[in-house]
Amino acid sequence: DTEVTQTPKHLVMGMTNKKSLKCEQHMGHRAMYWYKQKAKKPPELMFVYSYEKLSINESVPSRFSPECPNSSLLNLHLHALQPEDSALYLCASSQSGLNTEAFFGQGTRLTVV
Amino acid sequence: GENVEQHPSTLSVQEGDSAVIKCTYSDSASNYFPWYKQELGKRPQLIIDIRSNVGEKKDQRIAVTLNKTAKHFSLHITETQPEDSAVYFCAASSNGGYNKLIFGAGTRLAVHP
């Protein structure tokens, strides 16, 4: 299984809502990532988890809250988002260690209204 | 931090021609350079990668070259086909424990039959 699975595929939420994005992989990868991709732009790194511990937070606003419940799952909790947070949110995973391939999920297309 | 520049932003070729995309990076500690292809509405998918101990790597119609001294790397696609049409992203990673990928801005390749 070389898939990274994200749910939901699409999400529309109001600025006062709380929602969560979910990501799952069963490749035994110990590094997992959240990226944000705006239209016609490259993916931008948000968070990195290594061995279920948060290793990198790229100065992401606190309205985005990541969680790694176990080595296969990664969540992104959303609260009080702004319309400019509308984007494609991509999860990725890779083996830990030196410079290994990052596998991306198909993304969650988020619209904040 | 790392900065990756990618050129050209758009590239239009006739089927059967070659396409070349170039990237430069700023962090001399970077040692892993993947290339991702992203079709419209789909996830980024790795097409080829190169590590700093190698100068060139080839996989069928796709090749990547790396010049560490000049801090640039290039993607070469030969005998292009319409299904090669997509956005291509180069990336650089310098963190040994996991992939903190910094992406270039992307190149939109159009292959015309």
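Each value, and the rule that gives it
Residues numbered from 1 in each chain as written. Chains lettered and ligands numbered in written order. Predicted model: local features only at pLDDT ≥ 70, side-chain atom pairs only at ≥ 80, totals over all residues. Heavy atoms only, no water. Contact = heavy atoms within 4.5 Å. Buried area = accessible area lost by both parts, 1.4 Å probe. Salt bridge = Lys/Arg side-chain N within 4 Å of Asp/Glu carboxyl O. Polar contact = N/O pair within 3.5 Å; in protein donor to acceptor, adjacent residues only side chain to side chain. Helix = DSSP H or I, 4+ residues; strand = E, 2+ residues; numbered from the N terminus. Nonpolar A, V, L, I, M, F, W, Y, C, P; charged D, E, K, R; others polar. Pairing = 2+ DSSP bridges. Axes fitted to C-alpha atoms, helices over the stretch in contact; angles between N-to-C directions. Buried < 20%, exposed > 50% of the residue type's maximum accessible area, 1.4 Å probe, protein only. pLDDT = per-residue confidence, 0-100.

## A short note on the interface of chain A and chain B
In this assembly, 29 residues from chain A lie in contact with 21 residues from chain B. Regarding the contact of chain A and chain B, the summed buried area is about 2000 Å², with carbon and sulfur atoms giving 51% of it. Seen at the junction of chain A and chain B, the total is two salt bridges. For the salt bridge of A:Glu3 with B:Arg43, the shortest nitrogen-to-oxygen distance reads 3.6 Å. Our count for the chain A to chain B interface comes out at four residue pairs in polar contact (both at pLDDT 80 or more). Those elements that provide at least two residues to the side of chain A that touches chain B are β4 (31–37), β5 (44–50), β6 (53–57) and β9 (87–94) of chain A. The biggest single contributor to the side of chain A that touches chain B is β4(A), with four residues. By residue class, the composition of the side of chain A that touches chain B is 14 nonpolar, ten polar and five charged.

## Details of the sheet that holds strand β8 (residues 72–77) of chain B
Residues and elements named next belong to chain B. Read across the sheet, five strands follow the order β1-β3-β8-β7-β6 without closing on themselves; strand pairing throughout is antiparallel. Every other strand in the sheet has two partners, leaving β1 (4–7) and β6 (56–59) as the edge strands with one partner each. Strand after strand, the sheet turns through a mean of 15 degrees between neighbouring axes, direction not considered. As judged from the six bridges shared by strand β3 (residues 19–25) and β8, these two strands associate in the antiparallel manner. By the bridge assignment, Thr24 is partnered in β8 with His72.

## Points about the pairing of β4(A)
Looking down a regular strand, the side chains alternate between one sheet face and the other. Residues and elements named next belong to chain A. Of all seven residues in β4, six are buried; the element is thus mostly enclosed. Relative to β5, β4 runs antiparallel, the two being bridged by six bridges. By the bridge assignment, Ala31 is partnered in β5 with Ser50. Where β4 folds back on β5, the antiparallel hairpin that results is connected by six residues, among which Lys40 adopts a positive phi of roughly 60 degrees.

## A look at the confidence of the model for chain A
Close reading of the predicted structure is inappropriate where its pLDDT is low. Across chain A, pLDDT averages 94, with 96% of residues at or above 70. Across chain A, element-level confidence peaks in strand β3 (residues 18–25) of chain A with a mean pLDDT of 98 and bottoms out in β6(A) with 92.

## What to know about the pattern of salt bridges
All names here are of chain A. Within this structure, the stated rule accounts for seven salt bridges over all chains. For Asp85, the salt bridge is made with Arg63, and the minimal N-O distance between the two is 2.7 Å. Pair noted here: Asp85 is in the loop between β8 (73–79) and β9 and Arg63 is in the loop between β6 and β7 (64–70), with a separation of 22 residues, a long-range link. In this structure Arg63 comes out as partly exposed when scored by relative accessible area, which is 24%.

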